[in-house]
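# Coordinate analysis (summary)
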Amino acid sequence: MPGPDLSSLHAAYRQAITEIRSRLPDNQIVDVLERYVAGGYDRDEAMDALGIDHLGTLYTAVAVYRIERPEPNPQEEERQAKMMRMLLDGEEVPAELRQPASWRIRH
């Protein structure tokens, strides 16, 4: 896997990403970034995994490694919209709408 092009980055970001790359292989960095973008890691978990303490470095790494956002799930988008409408209308939200289907235990 060829590394990302860091030539157009501000020197501080270039140095930070170079430092990450000195500790982790690119495929491991990409794995962390993909998990972050897909929602498997929150930003703190991703930053811990990469050993960074500046949020801008995380955002810059996502951009330079060209991590694409996953396609939205239409059913999940509708569930969230319905839940928000109910909350804004002061209605009680049923349990099945409070969590995404992927979080529910299947029996």
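Conventions we followed
Numbers given to residues run from 1 along each chain, matching the order in which its sequence is written. With pLDDT at 70 or above as the cut-off, local features in this predicted model cover only qualifying residues; side-chain atom pairs require 80 or more to be listed or tallied, and sums for whole chains, interfaces and linings still use all residues. To obtain the side-chain values, all non-hydrogen atoms of the structure were included, while hydrogens and water were left out. Like charges are joined within 9 Å and nonpolar side chains (Val, Leu, Ile, Met, Phe, Trp, Tyr) within 5 Å, but only among residues with over 30% relative accessible area and no salt bridge; these make up the patches. Accessible surface is estimated by sampling points in the Shrake-Rupley manner with a 1.4 Å probe; for residues, cover comes only from the protein chains shown. Salt bridge, as used here, is a side-chain nitrogen of Lys or Arg placed within 4 Å of a carboxyl oxygen of Asp or Glu. For every residue, the accessible area obtained with a 1.4 Å probe (protein chains only) is divided by the maximum for its type, and the residue is called buried under 20%, exposed over 50%, and partly exposed between those limits. Think of it this way: any DSSP run of H or I at least four residues long counts as a helix, any run of E at least two long counts as a strand, and we number them from the N terminus. Pairing of N or O atoms within 3.5 Å defines a polar contact, subject to two protein rules: one partner must be a possible hydrogen donor and the other a possible acceptor, and residues neighboring in sequence count only if both atoms are side-chain atoms. Here, residues are in contact when the closest pair of their heavy atoms is within 4.5 Å. Only C-alpha atoms enter the line fits that serve as axes; for helices the fit covers just the stretch in contact. Angles between N-to-C directions range over 0 to 180 degrees. The cut-offs work like this: below 35 degrees is roughly parallel, past 145 is roughly antiparallel, 65 to 115 is roughly perpendicular, and the gaps in between are oblique. Residue polarity follows a fixed list, in which Ala, Val, Leu, Ile, Met, Phe, Trp, Tyr, Cys and Pro are nonpolar, Asp, Glu, Lys and Arg are charged, and the others, Gly among them, are polar.

## As for a nonpolar patch on the surface
On the surface, a nonpolar cluster with roughly 330 Å² of combined accessible area is contributed by Met84, Leu87 and Leu88. A relative accessible area of 49% places Leu87 in the partly exposed class.

## A look at the side chain of Thr60
With respect to the secondary-structure elements, Thr60 resides in helix 4 (residues 55–64). What makes Thr60 buried here is its relative accessible area of 12%. Polar side-chain contacts of Thr60 include one of 2.7 Å to the backbone oxygen of Gly56. Once residues within four sequence positions are removed from consideration, Thr60 is found in contact with Leu9, Tyr13 and Ile17.

## Considerations on the packing of helix 1 (residues 11–23) against helix 4
Two numbers describe how helix 1 lies on helix 4: the axes approach to 10 Å, and their chain directions differ by 80°. Overall, the two elements helix 1 and helix 4 adopt an arrangement that is roughly perpendicular. Facing Tyr13, Ala16, Ile17 and Ile20 of helix 1, the residues of helix 4 in contact are Gly56, Thr57, Thr60, Ala61 and Val64. A per-class count over the contact of helix 1 with helix 4 returns six nonpolar, three polar and no charged.

## Quick look at the pattern of salt bridges
All told, the structure shown has six salt bridges when counted by the stated rule. One salt bridge in this structure joins Arg21 and Asp26, with 2.8 Å as the shortest N-O distance. The exposure class assigned to Arg21 is partly exposed, which follows from its relative accessible area of 32%.

## Topic: the environment of Gly39
One can find Gly39 in the loop between helix 2 (26–38) and helix 3 (43–50). Given the relative accessible area of 58%, Gly39 is considered exposed. Considered as a pair, Gly39 and Met84 are 45 residues apart in the sequence and their alpha carbons are 20 Å apart.

## Section: the environment of Ile52
Of note, Ile52 is situated in the loop between helix 3 and helix 4. Judged by relative accessible area, Ile52 falls into the buried class, the value being 14%. Remark: the alpha-carbon pair of Ile52 and Ala16, spanning 36 residues in sequence, is separated by 8.0 Å. Not counting residues within four places of it along the chain, the set of residues in contact with Ile52 comprises Ile20, Met47, Thr57 and Leu58.

Remember that the coordinates give geometry; whether it matters functionally is a separate question.
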